[in-house]
Amino acid sequence: MPAHHDLAYRSLFAHPELVRELVTNFTPFKLFDDVALSSFEPVDPVYVSERLAGRQNDIVWRVRIGEQFLYVYILLEFQSGVDRWMALRMQNYVGLLCQSLVKRHQLPPSLQLPPVLPLVLYNGVPHWSASTDLATLLMDAPTELLPFQPSQRYVLIDQQRLDAEALEANATLLALLFRMELSSASEVRNKVLPALATWFQDAPQASLMRSVGAWIENLASWRGEPASFTFDSTEEIADMGRKYATWAEEFEDIGFQKGNEKGQAEGWAKGRTEGQLSALRGVLTHLLRKRFGDLPETAAQRIAAANQADLEQWCQRSLDASGLDAVFGDKAASA
């Protein structure tokens, strides 16, 4: 089950703008550069294996290119640790995707499986040492058996090792968010937040703004700072900057980009292990109040008693739900 910061990342990539920016700006592929956002369609990422083990944590987009559908498979389990078997996992995920398309009769008239682009977004401190090719995980096979061995590759986007100058020169929203996570508190306050304000002034989008606000809120909580840090309009970004300024020393104390990998790793571990449930409850409460106003006592009680799985599900629903009953899955919360 993903942590609350994973959920915020998935909420970002529920927007086609950021999916297209991820592929066009952070991979070598150019086939999406001129594709309209209307050609991006979200796909239900629930795959069921033979043991009925559901896969519900991934993002899948279908992109129309010409007369074809290219499936962009984005694994967003928020990899902060190196997984030696990622290529094997990807083979399994892609296989489940294709199996689901067959079972749901969602293949083209040719009955051929679509091409898939598997992406892994990694933000860990250690260098990614796992192979991106399944072939390197296999034993040497006799020559006559080589044609029958499995094959799978994936594209790794190593967020920690992105070129700082290239990021600063990139004016896209996703580049600004990556810079916010990788930069010092003072740089975020003085450079990233003003650029973010400019971006939303030029392209105001309420739903996307809510997702970005939730992502920033989660980033602050993940770093170990439980205070509210989000916005509903570009006017509030100035206040965000002031709040960020007061937190600068606290962030540095927990390893927020001090240039020391050990200190940074310890800070991240602290943010992940201390008060995750409390932070997640705070994020959900903040999102619901921003969207629906003061919460009834029944809703507050449910949030206080909920486990991590329920909280994550409610956070995801809160981004686009029409009311509290839609968030909680029933009408008890709005009674």
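Keep in mind that this is a model prediction, so the values were computed, not measured.

Colleague: Explain the nonpolar core here, please?
Modeller: Across soluble globular proteins, nonpolar side chains have a tendency to be buried as a group. Among the nonpolar cores identified, the biggest contains 43 residues, and F13, L173, M180 and W215 are the most heavily contacted of them. For this core, the element with the highest residue contribution is helix α5 (residues 173-182), accounting for 8 residues. Counting residues in hydrophobic clusters, the runner-up holds 17 residues, among them I303, L311, C315 and V327.

Colleague: Looking at this model, I keep getting lost on the pattern of salt bridges. Mind explaining?
Modeller: Charged atoms that come close allow side chains of opposite charge to pair. Enumeration according to the criterion identifies 5 salt bridges in this entry. Residues D83 and R89 are paired through a salt bridge, measuring 2.3 Å at the closest nitrogen-oxygen approach. R89 matches D83 in its accessibility class, with the two residues each being buried. The closest approach of N and O atoms between E168 and K191, which form a salt bridge, is 3.8 Å. Within this pair, whereas E168 is found in helix α4 (residues 164-169), its partner K191 is found in helix α6 (residues 185-202), the two being separated by 23 residues in sequence. By relative accessible area, which is 42% here, K191 ends up partly exposed.

Colleague: It is not clear to me how the confidence of the model for the protein should be interpreted in this structure. Could you clarify?
Modeller: Per-chain confidence: the protein averages 76 in pLDDT, with 72% of residues scoring 70 or above. Note on residues 50-56: pLDDT is under 50 here. Beyond four places in sequence and across chains, it has 14 contacts. Segment residues 267-274: pLDDT under 50, and 16 contacts once partners within four positions in sequence are set aside and those in other chains are kept.

Colleague: Sorry, what's going on with the side chain of D133 here?
Modeller: Counting through the fold element by element, D133 comes out in the loop between β6 (116-122) and β7 (155-158). Here D133 falls in the buried class, since its relative accessible area comes to 16%. One polar contact links the side chain of D133 to the main-chain amide nitrogen of A135, over a distance of 3.0 Å. Look past the residues within four positions of D133 in its chain and what remains in contact with it is A87, Q152 and R153.

Colleague: Teacher, can you tell me more about the packing of helix α2 (residues 16-26) against α5 here?
Modeller: Axes are the key here: two packed helices are described by the angle between their axes and the distance separating the axes. Running from amino to carboxyl end, α2 crosses α5 at an angle of 80 degrees, the nearest separation of the two axes being 8 Å. Comparing their axes, α5 and α2 come out roughly perpendicular. Where α2 abuts α5, its residues L18, E21, L22 and F26 lie against L173, L174, A175 and F178. Of the residues in the contact of α2 with α5, the class split is 7 nonpolar, no polar and 1 charged.

Cut-offs and rules
Residues numbered from 1 in each chain as written. Predicted model: local features only at pLDDT ≥ 70, side-chain atom pairs only at ≥ 80, totals over all residues. Heavy atoms only, no water. Core = buried A, V, L, I, M, F, W, Y, C linked by side-chain atoms within 4.5 Å. Buried < 20%, exposed > 50% of the residue type's maximum accessible area, 1.4 Å probe, protein only. Helix = DSSP H or I, 4+ residues; strand = E, 2+ residues; numbered from the N terminus. Salt bridge = Lys/Arg side-chain N within 4 Å of Asp/Glu carboxyl O. pLDDT = per-residue confidence, 0-100. Contact = heavy atoms within 4.5 Å. Polar contact = N/O pair within 3.5 Å; in protein donor to acceptor, adjacent residues only side chain to side chain. Axes fitted to C-alpha atoms, helices over the stretch in contact; angles between N-to-C directions. Parallel < 35°, antiparallel > 145°, perpendicular 65-115°, else oblique. Nonpolar A, V, L, I, M, F, W, Y, C, P; charged D, E, K, R; others polar.

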